[in-house]
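# A closer look at the structure
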Amino acid sequence: QLDPENTGFIGVETFASLVHSHELPLDPAKLDMLVALAQGNDEGQVCYQELVDLISSKRSSSFKRAIANGQRALPRDVLLDETGLGFYKRFVRYVAYEILPCEMDRRWYFYQHRTCPPPVFMAAVTLTQIIVFLCYGARLNKWVLQTYHPEYMKSPLVYHPGHRARAWRFLTYMFMHVGLEQLGFNALLQLMIGVPLEMVHGILRISFLYLAGVLAGSLTVSITDMRAPLVGGSGGVYALCSAHLANVVMNWAGMRCPYKLLRMVLALVCMSSEVGRAVWLRFSPPLPASGPQPSFMAHLAGAIVGISMGLTILRSYEESLQDQCGWWVLLLSYGTFLLFAVFWNIFAYDLLG
């Protein structure tokens, strides 16, 4: 009735009177944000879609501009000075400062964070990897350098060029590991970096980034190291880590995580050491083996996916990826690589003998 031309806007005074007369149970902070958005447009009108976004705890780019222009104060929750928080809220505050580079985003995340849905993806992947490792360790009675056991490479989960027609292996290899040391490294990084990223950016974005790194890893190995098998979730782990580290570097001044330079150096040293170890096992194995040892190219492919696609995802906190031209360019590039890799696996092995 108040918008007969179906424009999606009504006057802010009309909306305020409706709220007052009907005693609508709206969050006062969200109501203030909506008024600030109305003051930010030329006609001073309330947008229906912005109302829907606020009620569903989503922000639009116009909301970020309204706050950036100083037209409204953020919710009064002060992260650094607030005392008496429970353990979980303190952890949420830690995650906000660890992941987000902008104070506005940190305060908004701390204000609107809910425990549901929990960050289940990274926890489920890590738990599955541990269970699979324990099952094979007990079955083979071997906990380090498991790939040297003749029965290990016969697993239906391992990627092997001789079994590339079984397409599930291009993903399921992430549940298998060389030994206890590789599993420990991957599980630690997945929980320390993957879980906070999932808490902030959501299960869909982080699971997509992780699986994109895993798939890119196996396909890259099938192109560049055509005789080598592949085990371990390093492609996904390096996609997460490189995306996070690149985001920290790109927003260095705004990041408030403590000892960020020391932590950056330690992370790079650990990741480089893991790659060096993988190269050593590939070309100079400590024990005689019946065939090539697992490739290290998945690490590098995951890092490339993280720096390119992952950085775009992490820089778009609560903003729609579909509206960004760069996202579609990266998605098209990734899709082109997948298509090329599929045709390579179908024709190149036979042509090259």
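Along every chain, residues carry numbers that run from 1 in the direction the sequence is written. The predicted nature of this model means local features are confined to residues of pLDDT at least 70 and side-chain atom pairs, given and counted, to a pLDDT of 80 or more, with totals for whole chains, interfaces and linings taken over all residues. Heavy atoms from the whole structure form the basis of all side-chain values; hydrogens and water molecules are not counted.

### Overview of the overall build of the protein chain
On a plain count of helices and strands, the protein chain comes out with 14 helices and 2 strands. Considering only C-alpha atoms, the protein chain reaches an extent of 80 × 50 × 35 Å along its principal axes. Each residue is assigned to one of three classes by its accessible area relative to the maximum for its type, calculated with a 1.4 Å probe on protein chains only: buried under 20%, partly exposed between the two thresholds, exposed over 50%. Within the protein chain, buried positions represent 48% of all 353 residues. Using a 1.4 Å probe, the Shrake-Rupley method yields the accessible areas, and only the shown protein chains count as cover for residues. Accessible area for the protein chain stands at about 18,000 Å²; split by element, carbon and sulfur atoms hold 66% of it. For helices the rule is a DSSP run of H or I covering at least 4 residues; for strands it is a run of E covering at least 2, with both sets numbered from the N terminus onward.

### A few points about the UniProt feature "transmembrane region" (unreviewed entry) in the protein chain
UniProt positions are given in the numbering used here, feature names are shortened, and annotations may be inferred rather than shown by experiment. Mapped onto this numbering, the UniProt entry annotates "transmembrane region" (unreviewed entry) at residues 120–139, 170–191, 203–223, 235–254, 261–283, 295–314 and 326–347. Within the segment residues 120–139, helix and strand shares are 100% and 0% respectively, and the terminal C-alpha atoms sit 28 Å apart. End C-alpha atoms of residues 235–254 are separated by 28 Å, and the span's content is 80% helix alongside 0% strand.

### Section: unusual backbone geometry
Residues other than glycine predominantly adopt negative phi, and peptide bonds predominantly adopt the trans conformation. The omega torsion of the bond from cysteine 116 to proline 117 falls at 0 degrees, within 30 degrees of zero and hence cis. Residues other than glycine seldom take positive phi values, yet tyrosine 259 does so here, at roughly 55 degrees. Assignment of secondary structure puts tyrosine 259 in the loop between helix H11 (234–250) and helix H12 (260–283).

### A few points about the packing of aromatic side chains
Classification of ring pairs uses Phe, Tyr and Trp, with its six-membered ring standing for Trp, and accepts pairs whose centres are within 6.5 Å; under 30 degrees between planes counts as stacked, over 60 as edge-to-face, and the remaining range as tilted. As enumerated under the stated definition, the model contains 9 aromatic pairs in all. Between phenylalanine 91 and tyrosine 94 the ring centres are 6.3 Å apart and the planes differ by 25 degrees, which places this aromatic pair in the stacked class. Placement of both phenylalanine 91 and tyrosine 94 in helix H5 (residues 87–99) is noted, with a separation of 3 residues, approximately one turn of the helix. Since its relative accessible area comes to 29%, phenylalanine 91 is described here as partly exposed. A centroid spacing of 5.8 Å and a plane angle of 65 degrees characterise the contact between phenylalanine 283 and phenylalanine 296, whose relative ring orientation is edge-to-face. Placement of phenylalanine 283 in helix H12 and of phenylalanine 296 in the loop between H12 and helix H13 (297–314) is noted, with a sequence separation of 13 residues between them. For phenylalanine 296, a relative accessible area of 12% translates into the label buried. Lysine 89 extends its terminal NZ or CZ atom over the ring of phenylalanine 110, reaching a point 4.3 Å from the ring centre. Over the ring of tyrosine 349 we find arginine 164, and its NZ or CZ is 3.9 Å from the ring centre. Counted as over-ring charges are cases with an Arg CZ or a Lys NZ within 6 Å of the ring centre that also lie within 35 degrees of the ring normal.

### Quick notes on the pattern of salt bridges
Here, a salt bridge means any side-chain nitrogen of Lys or Arg that lies within 4 Å of a carboxyl oxygen of Asp or Glu. For the structure shown, the criterion picks out 4 salt bridges. With a closest N to O distance of 2.1 Å, arginine 263 and glutamate 98 form a salt bridge. Here glutamate 98 lies in helix H5 and arginine 263 lies in helix H12, a separation of 165 residues in the sequence. Take arginine 263: its relative accessible area is 29%, and that puts it in the partly exposed class. Of the residues examined, glutamate 98 reaches a relative accessible area of 9% and is grouped as buried. Between glutamate 151 and lysine 154 there is a salt bridge, with its nearest N and O atoms 3.5 Å apart. The partly exposed category is assigned to glutamate 151, whose relative accessible area is 36%.

### Description of the packing of H13 against helix H14 (residues 325–352)
As a packed pair, H13 and H14 sit with axes 10 Å apart at the nearest point and diverge in direction by 145 degrees. Between H13 and H14 lies a crossing of left-handed hand. Residues Val305, Ser308, Met309, Thr312 and Ile313 of H13 touch H14, and the partners they reach there are Trp327, Leu330, Leu331 and Tyr334. Each residue gets one label: Ala, Val, Leu, Ile, Met, Phe, Trp, Tyr, Cys and Pro are nonpolar, Asp, Glu, Lys and Arg are charged, and the others, such as Gly, are polar. A class-by-class count of the residues in the contact of H13 with H14 yields 7 nonpolar, 2 polar and no charged. Angles shown run from 0 to 180 degrees and are taken between the N-to-C directions of axes, each axis being a line fitted to C-alpha atoms and, for helices, limited to the stretch in contact. The crossing is said to be left-handed when, going from far helix to near helix, the turn is anticlockwise and less than a right angle, and right-handed when the turn is clockwise. By definition, residues are in contact when any of their heavy atoms lie within 4.5 Å.

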